[in-house]
Amino acid sequence: MSIDRKYDILNVKTIYLMMGFNCNFRCRHCIQDSCNTSIQKNNISKDVIDYLNRLINIRPTSYDKITIMFWGGEPLIYWNTIKDVIDIFHDKFSYSMVTNGSLLTQDKVDYINKYQIKVALSYDGKNTDKVRMVNVLQDKDKLELFKQIKNKSICAVSSAYNYDYQELYNHIDELIDTEIPVGIEQFRVTWDMPKDLYDIDLVEYRDKLHELAIQAKEDILNVKYSRPVSFFLKHLWGLCYTDKMYSLKCGQMYNKLNIDLQGNIYSCHNLCNPIGTVRDDRVSLVNKQDRWVSDNLPTHCKNCKYYIVCNGGCPNELIKDGERISCKINKVIFDEVFWLANELENSFMCVDLG
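Not measured: the values here are computed from a predicted model.

K.L.:
Let's hear about the overall build of the protein: which residues, and what values?
P.N.:
Assigned secondary structure in the protein consists of 11 helices and 11 strands. Computed over its C-alpha atoms, the radius of gyration of the protein comes to 21 Å, within 12% of the 20 Å expected for a compact globule of 354 residues. Along the longest, intermediate and shortest principal axes, the C-alpha atoms of the protein span 55 × 55 × 55 Å. Residues classed as buried in the protein amount to 51% of the 354 residues present. Within the protein, counting contacts between residues at least 6 apart in sequence, those at least 24 apart form 73% of the total.

K.L.:
Please set out the nonpolar core residue by residue, giving values where relevant.
P.N.:
Among the nonpolar cores identified, the biggest contains 90 residues, and Leu-52, Phe-70 and Phe-232 are the most heavily contacted of them. Of all the elements, helix 11 (residues 325-349) adds the most residues to this core, at 8 residues.

K.L.:
Outline the pattern of salt bridges, supporting the account with residue identities and numerical values.
P.N.:
In this structure the tally under the stated criterion is 11 salt bridges. For the salt bridge of Asp-177 with Lys-147, the shortest nitrogen-to-oxygen distance reads 2.7 Å. Here Asp-177 is found in the loop between helix 6 (165-176) and strand 6 (182-185), whereas its partner Lys-147 is found in helix 5 (residues 140-148), with 30 residues between them in sequence. Residue Asp-177 is classed as exposed on the basis of its relative accessible area of 58%. Note that Asp-173 and Arg-227 form a salt bridge whose closest N and O atoms lie 2.9 Å from each other. One end of the pair, Asp-173, is in helix 6; the other, Arg-227, is in helix 8 (residues 227-239), with 54 residues separating them in the sequence. For Asp-173, a relative accessible area of 24% corresponds to the partly exposed category. It is possible to trace a salt-bridge network through shared partners that takes in Glu-144, Lys-147 and Asp-177.

K.L.:
Could you give an account of the packing of aromatic side chains, with specific residues and numbers?
P.N.:
If you walk through the whole model with that rule in mind, you get 12 aromatic pairs. Ring centres of Phe-187 and Tyr-198 lie 6.3 Å apart, and the angle between their planes is 35°; this geometry places the pair in the tilted category. Taken together, the residues Phe-187 in the loop between strand 6 and helix 7 (202-221) and Tyr-198 in the loop between strand 6 and helix 7 connect sequence positions 11 residues apart. In this structure, Phe-187 and Tyr-198 share a single accessibility class: buried. Ring centres of Tyr-306 and Phe-338 lie 5.9 Å apart, and the angle between their planes is 20°; on these two criteria the pair is classed as stacked. One end of the pair, Tyr-306, is in the loop between helix 9 (282-295) and helix 10 (307-310); the other, Phe-338, is in helix 11, and 32 residues separate them in sequence. In this structure Tyr-306 comes out as buried when scored by relative accessible area, which is 11%. One aromatic cluster is present, formed by Tyr-163, Tyr-165, Tyr-205, Phe-231 and Phe-232 through successive ring pairs.

K.L.:
Run through the sheet that holds strand 3 (residues 94-99), naming residues and quoting values.
P.N.:
Read from one edge to the other, the open sheet built from 9 strands follows the order 6-5-4-3-2-1-7-8-9, with strand pairing classed as mixed. Taken across any chain shown, the strands that pair with only one partner, and hence form the sheet edges, are strand 6 and strand 9 (274-277). Adjacent strand axes in the sheet meet at a mean angle of 30° when their direction is disregarded. Lying on the sheet, helix 9 is in contact with strand 7 (256-260), strand 8 (264-266) and strand 9; it crosses strand 9 at an angle near 175°.

K.L.:
I'd love a proper account of helix 9, names of residues and values included.
P.N.:
Spanning 14 residues, helix 9 covers 20 Å between terminal C-alpha atoms, matching the ideal 20 Å at 1.5 Å per step. Within helix 9, the full set of buried residues consists of Arg-282, Leu-285, Val-286, Gln-289, Asp-290, Trp-292 and Val-293. The buried residues of helix 9 occupy an angular sector of 160° when the element is viewed end-on, so they sit on one face. Elements in contact with the buried residues of helix 9: strand 7, strand 8 and strand 9. If you check the start of helix 9, you find a side-chain oxygen 3.0 Å away from the backbone N of Val-283, and it comes from Asp-281.

Conventions and cut-offs
- Residues numbered from 1 in each chain as written.
- Predicted model: local features only at pLDDT ≥ 70, side-chain atom pairs only at ≥ 80, totals over all residues.
- Heavy atoms only, no water.
- Helix = DSSP H or I, 4+ residues; strand = E, 2+ residues; numbered from the N terminus.
- Rg over C-alpha atoms; globule rule 2.2 N^0.38 Å.
- Buried < 20%, exposed > 50% of the residue type's maximum accessible area, 1.4 Å probe, protein only.
- Contact = heavy atoms within 4.5 Å.
- Core = buried A, V, L, I, M, F, W, Y, C linked by side-chain atoms within 4.5 Å.
- Salt bridge = Lys/Arg side-chain N within 4 Å of Asp/Glu carboxyl O.
- Phe/Tyr/Trp six-rings, centres within 6.5 Å; stacked < 30°, edge-to-face > 60°.
- Pairing = 2+ DSSP bridges.
- Axes fitted to C-alpha atoms, helices over the stretch in contact; angles between N-to-C directions.
- Expected span 1.5 Å × (residues − 1).
- Arc of directions from axis to C-beta.
- Polar contact = N/O pair within 3.5 Å; in protein donor to acceptor, adjacent residues only side chain to side chain.

Interpretation in functional terms is not warranted from these geometric data alone.
In structure tokens:
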């Protein structure tokens, strides 16, 4: 008897280990809950250790290692917890984190490189200080420490202050002196955020994105993997699956699990909403997740032409006047995704394979 793939624990690729919500920054676009009720102790529990060991033991050797994503707040606040986890599991997992970088030291960088921890620095470009209040990479010492990290990338959040992505890429290249991966997360309004953060000139944004889409098309046809290709590829994949495997585009609960140090499991690593524990049956956890998603999905979403690429968006996004604020921004992206998909389809149909 085959199992529905969404219930299959072998689909899990990433564990967000929620060490705590404490952070030394107050980013204006932060979407994390500020509660700290169930995530208090710094020691990983035996339940969590046993659960993670079980995931290791049942995983076929042909599968890639599961990644443990050290998650805060600011993960470097929980440095001792990070070291404890690696001391327990060694190389049985891959490890990564997203950090603001302000707490980097030479000792930490040496440790990060020794254990091949992937580090994504939260950085939004030259206007970072207007959003995160601090621009860590303006500190030459912190910049040099970040440059030393072997497996590094930038994690930028798109906002009204950095929606020219090519300009963002160029700025980062100039700053870091070498090309590194740059991931761009789309802006999400999950509380009554200041309007200047999302007050984007949509006409200009469309023009900039179309330039990026043209570059992505050229690179794909020339078999070149580039940042424009990376940006659009994650959306293009959504067009390939009409029968969605995951009810959330982010894959929470299906290929990603959010677990705190005491063994509580959450719908989202940015929310204080435990839906069960590592002791619970996986089917019941997935069904609870599905109900949470369904309860928070606007009824008109499934009739929207963009649903195929957004899956209804984030259940935590704020709705004003019957529409999620982020929708107007995301629809500009999805129009370019549709354009690029159509251009690629026409281009490949014209290839003479004889």
